[in-house]
Amino acid sequence: MARRPLPRILRDGGASLARGRDLARSAADGASDVLRPLIILGRGLGRLLAAGRRRWAATPKERRGPLLLLVAAAVLAAGLAPHGPLAALLAVLVAAGWLGRDRAPEPGASGPDEEQAARLASLYEALVPYFAVPEAPEPLYAHGGDWQRAFGDFAFDERGRLDALTAAYPASFADGDPEARAGVERLLHAKCGRGREYHFGWEEEANRLTLTALPPLPTDIPAQPFVTSPGEVVLGLTDALVVRRTVPLVDAGGAALDVPPVVWRTGARSPEPHLLVAGRPGSGTSTLLRALALQALREGDVLVVDGGGTGDYTCFVGRDGVLGVECGLTGALGALEWAARETERRLVAANRARQAGEAPPEDVRRPLWVLVDRPAVLGHLARAQGLADPQSHLHVPLRHGRAALVTVVVAEQYDCVDGLDPVVAQYARARVALAPASARQAAEILGAAPQSTPAGELPPGRGYARLGAGPVLRLQVPATPDPYDDSAADAHREAVLALLPRRGGSNLAKQAGPAEEECPSEAAGAEPAEEPAIRPVRVSVAEG
């Protein structure tokens, strides 16, 4: 049987077919360009109808009648108004054109890449033992489950580490138990990358956990005059995530910054008039007390008791407004006894002035700050010598100091917190914990666990602060070193020297006799490099 030849169009018509396809494609592109406005308007009208249908379905049945009446009134008003139908038609076309436009894809809308998806899946599997509910028909967390059901918004940094995450958890999880929360937070801290601090927001009503990687707090902010209201002092810097207020600052390089501070209000209207600071050796407790003393000297008097005898407060000796700097047991007993009697005198004077209808005397209205560092050491020495514990003289200032404008600040190390007088722990409700070893240790001092996990290595002055029943805030104390410490940065030492009042001393310091005991640093012959050494003044009890 002879083969029949192929049609001509199949033998040599390949070029014609390709040319035809190109012509058809060009015609379709031209038609789409011409009809593009109609396509956009049609798409927008469809989206408007879909939105109206969703609105109607979401409206309760008892409210559908008033809604129809409102729509009918709007249509009637548009029909009766001059050029109303034309304006309504134009408004509908504009809305349809806006809704029907081609929307640019949002950043990250394509989803995580392969490595990020693997990280999220691994994190999901690690959370299964904490959030799994085996008896649930469709458990949110199960081995081999879908992590996209549990995790919402997430973000990664340039190094591929998780910066933010929103995770849903079952309602059966005990989110009110601090131990249960701490277990999940420790796991997330380990899986998301150590060396950073993370903030955990537990939304108990919505059963949602939000993780946010916190940027490191600046450590190069020197001591400086902070912009605050009378009676306010800045304990340090914190995160903008919790505190909305900012203060203008200048860093070590001279650059101007606006940083959220931890502001502690003292005085007669303060709900937490006294402060307790706890920390480890070298964590910055003395730095915080020096920073508070510099701010208090702007409008008040300061009495310093250095129970550790380290000489960290020698720079305040003989300064205007400094009533005394005591390093020994005898001087500390006399100074704190005088503080108790001065508090009583202020209360009596203020009461007499109020009964007479007059303003309190000026010396009563001037704030008095009593800064006590390491009182447990003084208590141990007093018991060894059969003397009264110096902390017993703090009862009156702690109980009645708010009315007398007397503020007490006590600093102690973690190992000696048990040696504090119960009255100190009861009335010093403003708390600071510097360089805590664990979240449990910080919770014992602050009364509540922090909402962030500490990093591995904390710089000096880093910790947490809590004012009364408020939230636990991250804290970075401004760099306020001893200006006579050669190991400190020159810029920070000069900043402290610039804030110190001039030499001269207060009236009490001038009238008091020479000190009976010296600070260890001065007894050893150590003299300041910038100014001649001056022996600390012991406040006499008779002056009260």
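Residues numbered from 1 in each chain as written. Predicted model: local features only at pLDDT ≥ 70, side-chain atom pairs only at ≥ 80, totals over all residues. Heavy atoms only, no water.

Student: Help me get a handle on the overall build of the chain, residues and values and all.
Tutor: Scanning the chain from N- to C-terminus turns up 18 helices and 17 strands. Among the 544 residues that make up the chain, the fraction classed as buried is 43%. Long-range pairs, those at least 24 residues apart, make up 66% of the contacts in the chain between residues at least 6 apart in sequence. Put simply, the chain shows about 28,900 Å² of open surface, and 56% of that area lies on carbon and sulfur atoms. (Helix = DSSP H or I, 4+ residues; strand = E, 2+ residues; numbered from the N terminus. Buried < 20%, exposed > 50% of the residue type's maximum accessible area, 1.4 Å probe, protein only. Contact = heavy atoms within 4.5 Å. Areas by Shrake-Rupley, 256 points an atom, 1.4 Å probe, with all protein chains shown as cover.)

Student: Which residues make up the packing of helix α6 (residues 114–131) against helix α8 (residues 178–192), and what are the values?
Tutor: The geometry of α6 relative to α8 is characterised by a closest axis approach of 11 Å and an angle of 170° between their N-to-C directions. By the angle between their directions, the pair α6 and α8 is classed as roughly antiparallel. Each of L123, A126, L127, Y130 and F131 in α6 lies in contact with α8, whose residues at this interface are G183, V184, L187, L188, K191 and C192. In terms of residue class, the contact of α6 with α8 is built from 9 nonpolar, 1 polar and 1 charged. (Axes fitted to C-alpha atoms, helices over the stretch in contact; angles between N-to-C directions. Parallel < 35°, antiparallel > 145°, perpendicular 65-115°, else oblique. Nonpolar A, V, L, I, M, F, W, Y, C, P; charged D, E, K, R; others polar.)

Student: Tell me what's going on with the environment of P112, and back it up with residues and numbers.
Tutor: One can find P112 in the loop between α5 (84–99) and α6. Relative accessible area serves as the criterion here: at 25%, P112 is assigned to the partly exposed category. Separated by 43 residues in sequence, P112 and A155 have C-alpha atoms that sit 9.1 Å apart. Residues in contact with P112, not counting those within four places in the same chain, are A117, L120, W147 and F154.

Student: Could you give me a rundown of the pairing of strand β16 (residues 462–467), with the residues and numbers involved?
Tutor: Across the 6 residues that make up β16, a large majority, 5, are buried. Pairing between strand β14 (residues 430–434) and β16: 5 bridges, direction antiparallel. By the bridge assignment for β16, V432 is matched with A465. Direction of pairing for β16 relative to strand β17 (residues 473–476): antiparallel, over a ladder of 4 bridges. The residue bridging A465 from the neighbouring strand is L473, located in β17. (Pairing = 2+ DSSP bridges.)

Student: How would you explain helix α16 (residues 490–499) if you had to name every residue and give the values?
Tutor: Among all positions in α16, only H492, R493, A495 and V496 are buried. All buried residues of α16 lie within an arc of 160° about the axis, which places them on one face of the element. Counted as exposed and oriented over 90 degrees from the buried face of α16: D490, E494 and A498. Buried residues along α16 sit in contact with α9 (285–296). (Arc of directions from axis to C-beta.)

Student: Requested: an account of the nonpolar core, with residues and values cited.
Tutor: Counting 37 residues, the largest nonpolar core has L235, L275, F316, V409 and V432 as its most contacted members. Per-element accounting of this core gives the leading share, 6 residues, to α9. Dropping the residues within four chain positions of it, V409 is found in contact with W264, L275, V277, L289, L292, W369, V370, L371 and V372. In this structure, A150, L165, V184 and C192 belong to the second largest nonpolar core, which totals 28 residues. (Core = buried A, V, L, I, M, F, W, Y, C linked by side-chain atoms within 4.5 Å.)

Student: Which residues make up a nonpolar patch on the surface, and what are the values?
Tutor: Judged by side-chain polarity, L86, L89, L90 and L93 come together as a nonpolar surface patch covering roughly 360 Å² of accessible area. With respect to the helices and strands, the residue L90 is situated in helix α5. Assessed through its relative accessible area of 47%, L90 is described here as partly exposed. (Patch = residues over 30% accessible without salt bridge, like charges linked within 9 Å, V, L, I, M, F, W, Y side chains within 5 Å. Salt bridge = Lys/Arg side-chain N within 4 Å of Asp/Glu carboxyl O.)

Student: Now, about unusual backbone geometry: what can you tell me, with residues and values included?
Tutor: Phi is positive for R374, which is not a glycine, with a value near 60°. If you trace the backbone, R374 turns up in the loop between β12 (368–373) and α12 (375–384). Relative accessible area serves as the criterion here: at 17%, R374 is assigned to the buried category. Backbone geometry at A435 places phi at a positive 50°, although glycine is not the residue there. Topologically, A435 is positioned in the loop between β14 and α15 (439–446).

Student: Outline the pattern of salt bridges, supporting the account with residue identities and numerical values.
Tutor: As a working rule, side chains carrying opposite charge can pair if their charged atoms are close by. Under the defined criterion, the tally for this structure stands at 21 salt bridges. Among the ionic pairs, R265 bridges to E232, the shortest N-O distance being 3.8 Å. Taken together, the residues R265 in strand β8 (residues 261–265) and E232 in strand β5 (residues 232–237) connect sequence positions 33 residues apart. R265 sits in the partly exposed class, given a relative accessible area of 36%. For the salt bridge of R345 with E342, the shortest nitrogen-to-oxygen distance reads 2.8 Å. On the criterion of helical spacing, the pair formed by R345 and E342 is a turn pair, its members being 3 residues apart in helix α10 (residues 329–355). One connected set of salt bridges, linked through shared partners, spans D157, R161, D163 and R196.

Student: Go over the packing of α10 against helix α13 (residues 395–404), please, and point to the residues and values.
Tutor: With their axes 9 Å apart at the nearest point, α10 and α13 run at an angle of 35° to one another. When you trace α10 past α13, the crossing you get is left-handed. On α13, the residues touching A339, A340, T343, E344, R346 and L347 of α10 are V396, P397, H400, G401, A403 and A404. Grouping the amino acids of the contact of α10 with α13 by side-chain chemistry returns 7 nonpolar, 3 polar and 2 charged. (Left-handed = near helix turned anticlockwise from the far one by under 90°.)

Student: Run through the packing of aromatic side chains, naming residues and quoting values.
Tutor: Summed over all chains, the structure comprises 12 aromatic pairs. On the numbers, 6.2 Å between centres and 70° between planes, the contact of W147 with F154 is edge-to-face. Following the ring pairs from residue to residue traces out a cluster consisting of Y124, F131, Y141, W147, F151, F154, F156, Y169, F173 and W202. (Phe/Tyr/Trp six-rings, centres within 6.5 Å; stacked < 30°, edge-to-face > 60°.)

Student: Break down the confidence of the model for the chain for me, with residues and values.
Tutor: Averaged over the chain, the pLDDT score is 83; the fraction of residues at 70 or greater is 85%. Taken together, the stretch residues 105–109 has pLDDT below 50 and engages in 0 contacts with residues farther than four places along the chain or on a different chain. Here residues 506–518 is modelled with pLDDT under 50, and outside its nearest four sequence neighbours on either side it reaches 27 contacts, counting other chains as well. (pLDDT = per-residue confidence, 0-100.)

Student: Can you tell me about the sheet that holds strand β3 (residues 197–203), naming the residues and giving the values?
Tutor: By definition, the strands of a sheet pair up through backbone hydrogen bonds, in either a parallel or an antiparallel sense. On the basis of which strands lie adjacent, the open sheet formed by 5 strands has the order β1-β2-β4-β3-β15 and antiparallel pairing. Strands at the two margins of the open sheet, each flanked by one partner only, are β1 (151–156) and β15 (452–453). In this structure, β1 lies alongside strand β2 (residues 162–168), joined through 4 bridges in antiparallel fashion. Directly across from F151, in β2, lies its bridge partner A167. Each of β1 and β2 is contacted by α6, which is oriented at about 130° to β1, the strand it contacts most. Here α8 sits on the sheet in contact with β2, β3, β4 (208–214) and β15, set at roughly 140° to β3.

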